[in-house]
Each structure stands twice: as structure tokens, then as C-alpha cells.
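Coordinate inspection notes
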Amino acid sequence: MSDTTLRSPAPSGSAVQLLEDRPHPSIPSPEGEGRTDWTRGEIAALFDLPFLDLVLRAQQTHRAHHAPNQVQLCTLLSIKTGGCPEDCGYCSQSAFADSGLKAEKLMDVDAVLASAAEAKAAGSQRFCMGAAWREPKDRDMDAVAAMVAGVKAMGLETCMTLGMLEPHQATRLAEAGLDYYNHNIDTSPEKYGDIITTRTFQDRLDTLEHVRQAGINVCCGGIVGMGEDREDRVGFVHALATLPAHPESVPINALVPVKGTVLGDMLADTPLAKIDDIEFVRTVAVARITMPLSMVRLSAGRESMIESTQALCFLAGANSIFTGDKLLTAGNAGSDADAALFEKLGVTAMTAPEPARVAAE
Ligand code: SAM
Ligand code: DTB
Ligand code: SF4
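The following refers to the structure shown. For clarity, every value in this text was computed on a predicted model and none was experimentally measured. (Residues numbered from 1 in each chain as written. Chains lettered and ligands numbered in written order. Predicted model: local features only at pLDDT ≥ 70, side-chain atom pairs only at ≥ 80, totals over all residues. Heavy atoms only, no water.)

Thoughts on the environment of alanine 64
- Residue position: alanine 64 is located in helix α2 (residues 51–65).
- Taking the C-alpha atoms as reference points, alanine 64 and proline 292, 228 residues apart in sequence, are found 8.5 Å from one another. (Helix = DSSP H or I, 4+ residues; strand = E, 2+ residues; numbered from the N terminus.)

Some details on the pattern of salt bridges
- Considering all chains together, one arrives at 19 salt bridges under this definition.
- Between glutamate 42 and arginine 35 there is a salt bridge; the shortest N-O distance is 2.9 Å.
- With relative accessibility at 30%, the residue glutamate 42 sits in the partly exposed group.
- Assessed through its relative accessible area of 30%, arginine 35 is described here as partly exposed.
- Taking the shortest distance from any N to any O, the salt bridge between lysine 344 and glutamate 307 comes out at 2.6 Å. Note that lysine 344 is positioned in helix α12 (residues 335–345) and glutamate 307 in helix α11 (residues 307–315), a separation of 37 residues in sequence. (Salt bridge = Lys/Arg side-chain N within 4 Å of Asp/Glu carboxyl O. Buried < 20%, exposed > 50% of the residue type's maximum accessible area, 1.4 Å probe, protein only.)

Some thoughts on the site of ligand 1
- What surrounds ligand 1 is a group of 16 residues, the closest being Thr161, Asn184, Asp186, Arg204 and Val256.
- Within the side chain of arginine 204, a nitrogen or oxygen atom sits 2.9 Å from an oxygen atom of ligand 1.
- For ligand 1, the accessible surface in isolation is 560 Å², of which the surrounding protein chains cover 89%.
- Here the residues of the shell around ligand 1 are counted per class, giving nine nonpolar, five polar and two charged. (Near = heavy atom within 4 Å. Polar contact = N/O pair within 3.5 Å; in protein donor to acceptor, adjacent residues only side chain to side chain. Areas by Shrake-Rupley, 256 points an atom, 1.4 Å probe, with all protein chains shown as cover. Nonpolar A, V, L, I, M, F, W, Y, C, P; charged D, E, K, R; others polar.)

Quick notes on the side chain of serine 94
- Tracing the sequence through the fold places serine 94 in the loop between β1 (70–80) and α3 (109–121).
- Only 2.7 Å separates the side chain of serine 94 from the backbone oxygen of glutamate 86, close enough to count as a polar contact.
- In this structure serine 94 touches Cys84, Glu86, Asp87 and Cys88, once residues within four positions along its chain are discounted. (Contact = heavy atoms within 4.5 Å.)

Some remarks on the packing of helix α4 (residues 141–153) against helix α5 (residues 167–176)
- Here α4 crosses α5 at 30 degrees, and the two axes come no closer than 8 Å. On the basis of their axis angle, the class for α4 and α5 is roughly parallel. Here the hand of the crossing between α4 and α5 comes out right-handed. Between α4 and α5, the residues in contact are Met141, Asp142, Val144, Ala145, Val148 and Ala149 and Gln169, Arg172, Leu173 and Ala176, respectively.
- Residue composition of the contact of α4 with α5, by class: seven nonpolar, one polar and two charged. (Axes fitted to C-alpha atoms, helices over the stretch in contact; angles between N-to-C directions. Parallel < 35°, antiparallel > 145°, perpendicular 65-115°, else oblique. Left-handed = near helix turned anticlockwise from the far one by under 90°.)

This is the structure we're talking about:
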């Protein structure tokens, strides 16, 4: 990775102080600190704004709370790949998919820690470990707790996504030092049953509640481009923005259409095969406006996104990405491409504290 990505923000007092890379609370955020009583009508009205007005408003909200030219770098690792009993229509790891993926056992703790050390050396701030499970078995908890503790001891933020959690499992992860748990609602409550039938939207909400109760930060978002319509995207953002508390991280994935998955095969060679770039940016902007303090992560799908679309996503308030050339099983943009993009944009790897951290201190 080029060292320009790690360049420090402009020194205060310099001629470019106006552009200094820190949040500007003096800029009034049109949305304040974040409401959880958004109506669907209000969210639909945001989606309907002229694009330039929408992006400006998202950028104003963004600058009030976040360093405007910094983007957080996160690295993903699949610690248990494939053979998942759930039937998520987008996922290469579902046992129902014919994606050619070989099911593997849970990785050894040492191998996970070696991978985390590489991620740290490459400049990553957060290490996210994902398992293709419906839920972890209690007998796996010692190993995943050791992974959390080991990664945390390296000075990385820790995130896990292991499927549904019982309260005692969430507590165990919290005690091991887990910073974030990723568990996506994926789409609107109405669309959910078309995508996944082996668990319900309410199951997802229950796990999110267990994670909150354990004192772990919540990472929750979903996927755009699964053949849903605008009303579903409205319902998706509405469901997130009206949770009892906003998720501290909101990943917005663009569907990676994998051959052999229900959605990959169904959408292939149709006009719905790829989400319209402008509609994707609109979704990012509406997430930023409705959840002002959250980290909004431009997640899966960047590999097939041109630079200018990614730049528009940053302008619309996305401030976190996955680095490296692999997500869990799918390809990712890669560190060289990211370093080149950051250099062109004058964007640097995040050093500013996240709002969730500021609130906790
Ligand atoms: N099994 C766990 C679970 O589902 O909660 C964790 C792993 S799962 C792969 C994490 C998230 O990745 C999913 O909720 C989904 O939003 C996203 N994802 C999976 N496959 C994807 C794809 N092909 N394109 C975009 N996002 C995807
Ligand atoms: C999330 O919302 N996106 C990441 C993370 N949470 C775990 C996963 C994306 C997976 C993309 C498909 C794959 O690599 O298999
Ligand atoms: Fe399993 Fe998670 Fe993939 Fe669904 S998204 S099939 S739960 S690994």
C-alpha cells in the first residue's frame, strides 16, 4: 500500500485549515444527533430528492460528525467457510447453493492471528471474522473467544459475524473483548421472505438485541441490488434507522452475483443484474442522513464499481471499506487499487476516533 494513504491530516493553523480533516460541529447537521422515529414517508422523500440536493445534505451531515477525508480500513477473514444450513439466496456459502465452494472446518486460532497480523501490517484498523454458521455451537465458543482476545491484543478492533447468538454467547464474546458484532437485516421486512426462508426477520432483531444487551457495538446493514424495488430500499433503511439505537456500523453491500446462488442465477443477463450506480449512491446518502453518527461501510461489490461511483459514495457519507483482494469468498477491489484511489481523492486511512468510541470514553 502506498504511504500516501497514511498521510496525516493538514496541521491546524495551516492555510488549508478550512479543509482540516476533523468533524466540524460548527457545521449544523440538518439531522441533529440522530432520530429513531423516522417515518417511511420521510425516508421515501429523501430518496426522491434531486440527486445533487440529496448528496449535499448527506455531505453536510457527514462533516458535522466525521472526518470528511478519512476512510476506515477493515479486513475480512472467513474463519469457517461454506456448508451453511441457511438458504440465503445471495450467498455462495449456503449448502443450498451450487457455487462449487468447498466446505471447510473452523480455522485454528494461530492461523487467524497470523492473518490478523498481516492485516495490521497492511494498515487495517478493524479485523472482521466471519463464519458460515446458522449459529455457533457452545463447543466452538472457546476458540472464537481466543480469536477475539488475540486479535484485540494486537491493537486491532475486533468484529465477528457468526450467525444468530443466544444471550450467553453474546456475553462470552463481550467478555473476550469483542468490539462489534455484524448481523445484517439484509433488506426490508417485506422482501426478507423472498431472500431467506430458514430464519425470520424477527430472529435477526432478536440477535441484535442480545448483542446490544451484552454491550457489544452493533454492525448491521444489508444488500442492495437483489431485485428489490425502491420501496424495499426505503423499508430497509427505515428498519435500520428505527432500531432502538442506530447500529454503530452500517454496511451497505452491492450484491455480488455468484453463479450457482439463487439470486446470482436469477438475475444474470437481466436488467436487474447490477444495481444502478446512482440508486446505490442514493441508498448510501439516505443511510448517512438518517443515521448521522454511524460508520457507513461501502462493503461488497466495490470490485465491479468504477472509481467515480466509489468517490460519490464517499461524498454521500460512506467512510469505511474492506481492503485486500478478498471479502469472505468473493473478490474485492485490492489494496493497490484502493491506494491509487485514495491518492487521487486525497483520502487517507482513518485516524480520527469513531463516534462510537468518543461516546464510550
Ligand atoms: N453467517 C453469518 C450471517 O449470515 O449472519 C455471517 C456471514 S454472512 C456472509 C455476512 C453478510 O454478508 C450477509 O448478511 C450479507 O449481507 C453479506 N453477503 C453475503 N453474500 C453476499 C453477496 N453475494 N453479495 C453481497 N453481500 C453478501
Ligand atoms: C457485510 O455486510 N459484508 C461483509 C461482512 N458484512 C461480513 C461480507 C460480504 C460478503 C461478500 C460475499 C463473499 O465474500 O462471499
Ligand atoms: Fe449462511 Fe451467513 Fe451465507 Fe446466510 S449469509 S448462507 S447465514 S453464511
